[in-house]
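# Survey of secondary and tertiary structure
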Amino acid sequence: MSSLFLRTLREDPADAEVPSHRLLVRAGYVRRVAPGIYSWLPLGLRVLRRIEEIVREEMDAIGAQEIHLPALLPREPYEATGRWTEYGPNIFRFKDRKGADYLLGPTHEELFALLVKGEYASYKDYPVMLYQIQTKYRDEARPRAGILRGREFLMKDSYSFDLDDEGLAESYRRHRDAYVRIFDRAGLQYVIVAAMSGAMGGSASEEFLAVAETGEDTYVRSAGGYAANVEAVTTPAPPARSVEGLPAAQAHHTPNTPTIDSLVDFLNAAGLGRTFTAQDTLKNVLLKTRVPGQPEWTLLGVGLPGDREVDMKRLEAALDPAEVALLDEADFAKHPFLVKGYIGPASLAANGVRYLVDPRVVTGTAWVSGADKPDHHVVDLVAGRDFTPDGTIEAAEVRAGDPAPDGSGPLETARGIEIGHVFQLGRKYTDAFGVDALGPDSKPIRITMGSYGIGVSRLVAAIAEQSFDGDGLVWPRSVAPFDVHLVIAGKSEEIVGGAEDLAAALDAVGVRVLVDDRKASPGVKFADAELIGVPTIVIVGRGMADGRIEVKDRRSGEREEIPLVGAVEHLAGLVRG
RNA sequence: CGGGGUGUAGCGCAGCUUGGUAGCGCACUCGCUUUGGGAGCGAGGGGCCGCCGGUUCAAAUCCGGUCACCCCGACCA
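### Digging into the overall build of chain A
- Across its full length, chain A holds 15 helices and 31 strands.
- Sequence separation of at least 24 residues holds for 70% of the intrachain contacts in chain A that already meet a minimum separation of 6.
- Carbon and sulfur atoms make up 51% of the accessible area of chain A, which totals about 25,600 Å².
- Averaging the positions of the 65 positive and the 85 negative side-chain charges in chain A gives two centres separated by 3 Å.

Have a look at this one:
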């Protein structure tokens, strides 16, 4: 360690909030270069490489073949699939000296599809699975949490190419199984949840989330086994009812009730002979959407029960890839038929505004909604009789206690870090490029794709988020930068010489050992050993007088004294589990 | 892009209210002592006080502007 390029920090860096960021910087694994851009120092790089190796082994094991594409890419392929515009400001783009457009690859579906199109032409060539471990670039709106969300990051992305849907399902299953093995080997606690496919397009999709309070993703699960990212949760719709015999809609003067709370209070004080709750109201939220790259916005009305807020993440996922924004004052001014606080379905329909409702708003349900003029609401406005929405949308917030869509019980919510994503992409990209194989009947077969990602550099942080204590990091053996951290606690020839011999002997049997031979006080060495988080700490010191050394388990804190004779075998046994 | 905050030595911070030419801890260098839980003493090196402009005899400090970064909300591995 006296020559290891390492400097630990006694204090937390001021800009680090989450544990992984704090500790990876303090323990000398990474250093920040610019927002969302980090350098990997020797310790960090060793962890990163070990994770890469696990990923490689498991990908190779399912028959995927590793290749390496450039990160610097021309515009054309991304133009062909529309992602040059769809990705919007999230791509790093620039021009070369001749003025041609380039980008730094945010993901590589296009290039893989083109590569396969160029090489393969017969049904006999398929199926094939290819992957790479590559640096990706995304100009994130807000990089955060150290290497958890960077603008440059390392990702394993793989793609499967199959002749039919059954083949795709099989490739998907193999990837999913490989991911389970990878994350198990990495020592992670994680959940697999149903997901939205996002900007990549496609259908069947699941995410692997590392369980962590600091995670950016919220997911839900039920005791009965349902699990999904909140963005992908579907709301169970009650059965439609008959509108026969329901009371007629009535407009009421409801002064000063621009909010749901004020409306409910007013109604309950109005002597209508029943009690109202926020759930009985239909809140209409006005948004504007636009296709990426297009200048003009389109109005969109979303109706949902008044006790629910709009979850912008869910809304955006539902409308993807379109952009969405709430209306501002200027927008309201432009459209006088929108009476803020009193918007009802009627004026939306009359003015041709697309109107989507929460799935709970089914035919035959009665609501209190705006009457499209100030200080007025309509009571007993019945869906399917008094208004007809253009469709449903998953935009309402999901709450703990809501029923799971598959009837498996109430949902609970938790947070996680997205570490992997598998999905059946389908033919979006092969259609764009015309990737066909000639079939046995000499007719072309359109290839179908799967796309599978693992955030390799993010995994380092995700593991750290789950593996630390008050003293520092605590790596799982499978990814630790070293197997054994050997502290030389003393300066006598017996101690120093004994420690060096032990280190050499361990090295000879393949145990990777980090020797702290610095001229520092024992306290400093112990503290650094705990901060760095190698799973086994060996202390060679005063015990050497009796021919004994101390072995400490970083995770449990348990120490044992063992004889130096036979220590190599003992430690090698520990390391190999 | 909206809201909050911060820019002073490699890192963490004080100084600013009340202008007088920069300080503390860690880290670093040298010497002596010390060596099982972040050692002691002594001597050192290192700072366009984010940047531009203004006020003033004098600006880290006051005023205006600007840039950067961090944190909280909308994207994704």
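That covers the picture; the talk isn't over yet.
### As for the packing of helix H13 (residues 493-508) against helix H15 (residues 567-575)
- Viewed as axis vectors pointing N to C, H13 and H15 meet at an angle of 50 degrees, and their least axial separation amounts to 10 Å. Viewed along their axes, H13 and H15 adopt a mutual orientation that is oblique. Regarding H13 and H15, the two cross each other, and that crossing is right-handed. Contacts from Leu502, Ala505 and Leu506 in H13 reach Ala567, Val568 and Leu571 in H15.

### Looking at the sheet that holds strand E5 (residues 92-95)
- Across the sheet, which stays open at both edges, the 3 strands sit in the order E4-E6-E5 with antiparallel pairing between neighbours. Looking at the sheet topology across the chains shown, the edges are occupied by strand E4 (72-74) and E5. Across the sheet, the mean angle separating the axes of adjacent strands is 35 degrees when strand polarity is ignored.

### Here we look at the packing of aromatic side chains
- Per the stated rule, a full pass over the model turns up 10 aromatic pairs.
- Between Phe112 and Tyr159 the ring centres are 4.2 Å apart and the planes differ by 40 degrees, which places this aromatic pair in the tilted class. Highlighted residues: Phe112 in helix H5 (residues 109-119) and Tyr159 in strand E8 (residues 152-162), separated in sequence by 47 residues.
- Aromatic rings pair up to connect Tyr179, Phe183, Tyr190 and Phe208 into one cluster.
- For Arg46, the ring lying beneath its charged end belongs to Phe482, and the centroid distance is 3.9 Å.

### Some points on the side chain of Glu465
- Its location among the elements puts Glu465 in helix H12 (residues 456-466).
- Despite its burial, Glu465 pairs with no opposite charge; the closest candidate is Arg22, at 7.7 Å N-O.
- At 2.6 Å, the side chain of Glu465 and the side chain of Ser20 are in polar contact.
- Dropping the residues within four chain positions of it, Glu465 is found in contact with Val18, Pro19, Ser20, His21, Leu148, Ala212, Thr214 and Ile417.

### Side note on the pattern of salt bridges
- In total, this model carries 41 salt bridges according to the counting rule given.
- We note a salt bridge from Arg56 to Glu52, for which the minimum N-O separation is 3.4 Å. Taken as a pair, Arg56 and Glu52 lie in helix H2 (residues 42-61) at a separation of 4 residues, close to a single helical turn. Judged on exposure class, the residue Arg56 and its partner Glu52 are both buried.
- Between Asp157 and Lys136 there is a salt bridge; the shortest N-O distance is 2.8 Å. Note that Asp157 is positioned in strand E8 and Lys136 in strand E7 (residues 128-137), a separation of 21 residues in sequence. Residues Asp157 and Lys136 agree in their burial class; the two are buried.
- One network of salt bridges, in which partners are shared, links Arg49, Glu52, Glu53, Arg56 and Glu66.

### Here we look at unusual backbone geometry
- A cis amide bond links Tyr126 with the next residue in sequence, Pro127, at an omega value of 0 degrees.
- By the element assignment, Pro127 lies in the loop between H5 and E7.
- If you check the backbone angles, Asp372 has positive phi at about 65 degrees while not being a glycine.
- Note on Asp372: relative accessible area 17%, which makes it buried.
- Phi at Asp380 is positive, roughly 60 degrees, even though this residue is not glycine.
- By secondary structure assignment, the location of Asp380 is in strand E19 (residues 376-382).

### With respect to helix H8 (residues 312-319)
- Every buried residue of H8 is listed here: Arg314, Leu315, Ala317 and Leu319.
- Summarising the contacts, the buried residues of H8 are in contact with strand E14 (282-290), strand E15 (298-305) and strand E16 (323-326).

### Here's the deal with a negative patch on the surface
- Where like charges cluster on the molecular surface, the negative patch consists of Glu493, Glu500, Asp501 and Asp517.
- Its location among the elements puts Asp517 in the loop between strand E28 (513-516) and helix H14 (522-532).
- For Asp517, a relative accessible area of 34% gives the class partly exposed.

### Here's the deal with the sheet that holds strand E20 (residues 391-392)
- Pairing is mixed across the open sheet formed by 5 strands, whose spatial order is E16-E14-E15-E17-E20. The sheet is open, and its two edges are formed by E16 and E20, each paired on a single side.
- Sheet topology places E14 next to E16; 4 bridges connect them, and they run antiparallel. If you follow Lys288 over to E16, its bridge partner there is Ala325.
- Packing of H8 onto the sheet brings it into contact with E14, E15 and E16, and relative to E16 it is tilted by some 145 degrees.

Criteria and thresholds
Residues numbered from 1 in each chain as written. Chains lettered and ligands numbered in written order. Predicted model: local features only at pLDDT ≥ 70, side-chain atom pairs only at ≥ 80, totals over all residues. Heavy atoms only, no water. Helix = DSSP H or I, 4+ residues; strand = E, 2+ residues; numbered from the N terminus. Contact = heavy atoms within 4.5 Å. Areas by Shrake-Rupley, 256 points an atom, 1.4 Å probe, with all protein chains shown as cover. Lys, Arg positive; Asp, Glu negative; His and termini not counted. Charge placed at Lys NZ, Arg CZ, Asp CG, Glu CD. Axes fitted to C-alpha atoms, helices over the stretch in contact; angles between N-to-C directions. Parallel < 35°, antiparallel > 145°, perpendicular 65-115°, else oblique. Left-handed = near helix turned anticlockwise from the far one by under 90°. Pairing = 2+ DSSP bridges. Phe/Tyr/Trp six-rings, centres within 6.5 Å; stacked < 30°, edge-to-face > 60°. Lys NZ or Arg CZ within 6 Å of the ring centre and 35° of its normal. Buried < 20%, exposed > 50% of the residue type's maximum accessible area, 1.4 Å probe, protein only. Salt bridge = Lys/Arg side-chain N within 4 Å of Asp/Glu carboxyl O. Polar contact = N/O pair within 3.5 Å; in protein donor to acceptor, adjacent residues only side chain to side chain. Patch = residues over 30% accessible without salt bridge, like charges linked within 9 Å, V, L, I, M, F, W, Y side chains within 5 Å.

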